[in-house]
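Working through the structure, step by step
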Amino acid sequence: MVWDWPLRLWHWLLALSLGGSWLTAELGFDYREWHMRLGYWILGLLVFRLLWGLLGSRTARFASWWPAPRALLRYLRTLLRREAQPTATAGHSPLGGLATWALLVMVAVQAGTGLFTDDDALYVGPYESAVSSAWANWLDKLHHSHFDWLLAVVGLHLTAIAFYHFYKRQRLVRPMITGRAAVPAEQAIMTPPWWRLLLAVALAAVSIWLLLELAPEPSFDDYY
């Protein structure tokens, strides 16, 4: 076992949620409320991931993500070698760890800027009135333009999976489904106790509830 099941479930929930967020944005105003709900859900997933980076198994923790510069350079030198290279250690590769950080930051920017959006018709983000109109307009534009960059990074992520599968002969998808991979037995992980999972879920839920409860009152202009 190299990935615990809460992390795997989180991974696929985030993938489905991003797909649903894109779809509801493309479908227009009739689905804008669902788009906003998915945004809150994604923020909750991000908070859970931050907590699981402290409470989860060894491969889920942040300490295992950030590679030493020398380890990253050694890995980059072997990147284009075509021979099969089974994962030497459980968890992210040095390059995979950096890519995961980048993806999480971009998702956080996308969901966070959504709190300040205003579609000039039906829906206003809960924190739109917390900033000046100039900042709100800038954040709204960033929310829309940044999603194209996020889609590009997701596409790069899928391309990398295909590259490892067909060129390097490394299977990355199956371990994220089954949790298991061919690594030395001493590197196997144990799923953390249930109380850690329940604590992370509860804290993530409370954090999103507080985020919405503490939102400022909408400005008068929002009511027309």
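Residues numbered from 1 in each chain as written. Predicted model: local features only at pLDDT ≥ 70, side-chain atom pairs only at ≥ 80, totals over all residues. Heavy atoms only, no water.

1. Concerning the pattern of salt bridges
A complete count under the given rule lists one salt bridge for this structure. E33 serves as the salt-bridge partner of R37, at 2.7 Å between the closest nitrogen and oxygen. With a gap of four residues between them, R37 and E33 both fall in helix α2 (residues 32–55), about one helical turn apart. With relative accessibility at 36%, the residue E33 sits in the partly exposed group. (Salt bridge = Lys/Arg side-chain N within 4 Å of Asp/Glu carboxyl O. Helix = DSSP H or I, 4+ residues; strand = E, 2+ residues; numbered from the N terminus. Buried < 20%, exposed > 50% of the residue type's maximum accessible area, 1.4 Å probe, protein only.)

2. Digging into the packing of helix α4 (residues 94–113) against helix α5 (residues 133–166)
Two numbers describe how α4 lies on α5: the axes approach to 9 Å, and their chain directions differ by 150 degrees. Between α4 and α5, the angle falls in the class roughly antiparallel. Classified by chirality, the crossing of α5 by α4 is left-handed. Packed against α4, whose contacting residues are L103, M106, V107, V109, Q110 and T113, the element α5 presents L139, L142, H143, H146, F147, W149, L150, V153 and V154 at the interface. (Axes fitted to C-alpha atoms, helices over the stretch in contact; angles between N-to-C directions. Parallel < 35°, antiparallel > 145°, perpendicular 65-115°, else oblique. Left-handed = near helix turned anticlockwise from the far one by under 90°. Contact = heavy atoms within 4.5 Å.)

3. A look at helix α1 (residues 5–27)
With 23 residues, α1 should reach 33 Å at 1.5 Å per residue; the first-to-last C-alpha distance of 33 Å fits that figure. Where α1 is concerned, the buried positions are P6, L7, R8, W10, L14, S17, L18, G20, S21 and T24. Where the residues of α1 are buried, they touch α2, α4, α5, α6 (173–178) and α7 (194–213). Its side-chain oxygen at 2.8 Å from the backbone nitrogen of L7, D4 defines the N-terminal cap of α1. Looking one or two residues past α1, G28 carries a phi angle of roughly 100 degrees, positive in sign. (Expected span 1.5 Å × (residues − 1). Polar contact = N/O pair within 3.5 Å; in protein donor to acceptor, adjacent residues only side chain to side chain.)

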